[in-house]
Amino acid sequence: MLVGLSAALGAGLLWGLVFLTPLVLADYPGFMLAVGRYLAFGVLALGLAWFDRAALARLTRADWLEAAKLALIGNLLYYATLSSAIQFAGAPVPTLIIGTLPVVIAISANLLDRRRGGGEDSVPWLQLGMPLALILAGLLAVHSGGGQQAATEGRYALGLVFALIALACWTWYPIRNSRWLRARGPGLSRAWATAQGLATLPVALLAGAGYWIWNNLGAGAPAYDWPLGPQPIRFVLMSLLLGLAASWLGTLLWNKASHLLPAALVGQLIVFETLSALLYAFLWYGRWPTAGEAAGIGLLVVGVLGGVRVFRRRGRAGQG
């Protein structure tokens, strides 16, 4: 139990770095932060591919196309919109919006199961009423309690839109990824993760080249000093840190925790990521949370944990 909890905490601390980077590199477009991170992850995957070469050789053309689609939406688009959301709206509100993922994913999967005829195992909406109300109250409290860091209302609103797009990307990704893996049978998890890393590399390269074309051939002076920007050393180091720590080591620790801890507990420990991201953000801002932010964080954490518990309890009932 102690080793599993430590692994989950370590994963959360590493994943929290994803939310800190847009603040450290505030003068970088969110799109280029995503390109840098996933270029580093793709290069790392090249080395890992040697260990999974036999399984990778069995993947079909359809598998590689699916890996590219997952890489584009679940990696590049997700992190580009998340980074932009944090830079436009400040860290607290986008972080908490993403923190609702465990419940949003469960609800989305629940709706898909109902549409496919599996409604007998779905969760009644009345049981979700209290967790969803707490989550909404928490987001509203942070929104109105000093969480707005953006310079203008327009930038803040745009940041919220980006946060919702990021939420949609990472709601779609795990559901699609899980269904694809289940359709391919057991024993493919590690190789499939490596395949997505390999698929991410050309996607990130094409995205970076596309940004260069847009940045340099558009009207007016280039807005970004392509490819490494105004702080090249910091940009490269942060990209490598995210590629190694967040994209690989964090996932490795989370898989370790998932192996050692009960499933009913693991789903709730994803809250470590949200709390770590908020901790890093407030350290970066050099301030304590306001009363509204602290109340909102507490409400959202309780709501997410309550929502996860509802789905876990329903899952055990269905298995019985």
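Now for a look at the structure at hand. (Residues numbered from 1 in each chain as written. Predicted model: local features only at pLDDT ≥ 70, side-chain atom pairs only at ≥ 80, totals over all residues. Heavy atoms only, no water.)

**Structural notes on the nonpolar core**
Applicable threshold: The nonpolar core is taken to be a set of buried Ala, Val, Leu, Ile, Met, Phe, Trp, Tyr and Cys residues, with the residues joined through side-chain atoms within 4.5 Å. Think of it in three bands: with a 1.4 Å probe and only protein chains considered, a residue is buried below 20% of the maximum accessible area for its type, exposed above 50%, and partly exposed in between. For helices the rule is a DSSP run of H or I covering at least 4 residues; for strands it is a run of E covering at least 2, with both sets numbered from the N terminus onward. Whether two residues are in contact is decided by their heavy atoms, any of which lying within 4.5 Å being enough.
Of all hydrophobic cores here, the largest spans 72 residues; its most connected members are Phe19, Tyr78, Tyr79, Leu82, Ile98 and Trp254. Per-element accounting of this core gives the leading share, 8 residues, to helix H5 (residues 61-89). Setting aside anything within four residues of it in sequence, one finds Ile98 in contact with Phe19, Tyr78, Leu82, Ala163, Ala166 and Leu167. Judged by nonpolar contacts, the second largest core, of 17 residues, contains Ala67, Ala71, Tyr173 and Leu198.

**Considerations on the packing of helix H2 (residues 17-24) against helix H11 (residues 232-260)**
Using the following cut-off: A fitted line through C-alpha atoms represents every axis, and for helices the fit uses only the stretch in contact; the resulting angles, taken between N-to-C directions, go from 0 to 180 degrees. Oblique is the label for any angle not under 35 degrees, not over 145, and not in the 65 to 115 range, which are roughly parallel, roughly antiparallel and roughly perpendicular in turn. Residue polarity follows a fixed list, in which Ala, Val, Leu, Ile, Met, Phe, Trp, Tyr, Cys and Pro are nonpolar, Asp, Glu, Lys and Arg are charged, and the others, Gly among them, are polar.
As a packed pair, H2 and H11 sit with axes 11 Å apart at the nearest point and diverge in direction by 170°. It follows from the interaxial angle that H2 and H11 lie roughly antiparallel. Seen from H2, the contacting residues are Leu17, Val18, Thr21 and Val24; seen from H11, they are Arg234, Met238, Leu241, Leu242 and Ala246. For the contact of H2 with H11, the per-class residue count stands at 7 nonpolar, 1 polar and 1 charged.

**Re the pattern of salt bridges**
Quick reminder of the rule: By definition here, a salt bridge exists when the distance from a side-chain nitrogen of Lys or Arg to a carboxyl oxygen of Asp or Glu is within 4 Å.
On inspection of all chains with the given rule, the structure shows 3 salt bridges. The salt bridge partner of Arg287 is Glu293, with a shortest N-O separation of 2.9 Å. Given the relative accessible area of 25%, Arg287 is considered partly exposed.

**Considerations on the layout of surface pockets**
For the record, the criterion: Residues are called lining when one of their atoms sits within 4 Å of a cavity or pocket point, these points coming from a 1 Å grid over the protein atoms alone, where a cavity is a set in which a 1.4 Å probe fits but cannot get out and a pocket is an open set with protein on both sides within 12 Å along at least five of seven lines. Grid points are joined across faces, edges and corners, and a volume is the space filled by probe spheres set on the points.
By volume, the second largest pocket is sized at about 320 Å³. Along the walls of the second largest pocket sit 22 residues, with Ala26, Tyr28, Gln87, Phe88 and Arg155 positioned nearest its centre. Where the lining of the second largest pocket is concerned, the elements lending two or more residues are H2, H5, helix H9 (153-184), helix H10 (189-217) and helix H13 (271-285). By residue number, the principal contributor to the lining of the second largest pocket is H5, which donates 4 residues.

Limitation: the analysis is restricted to geometry and does not speak to function.
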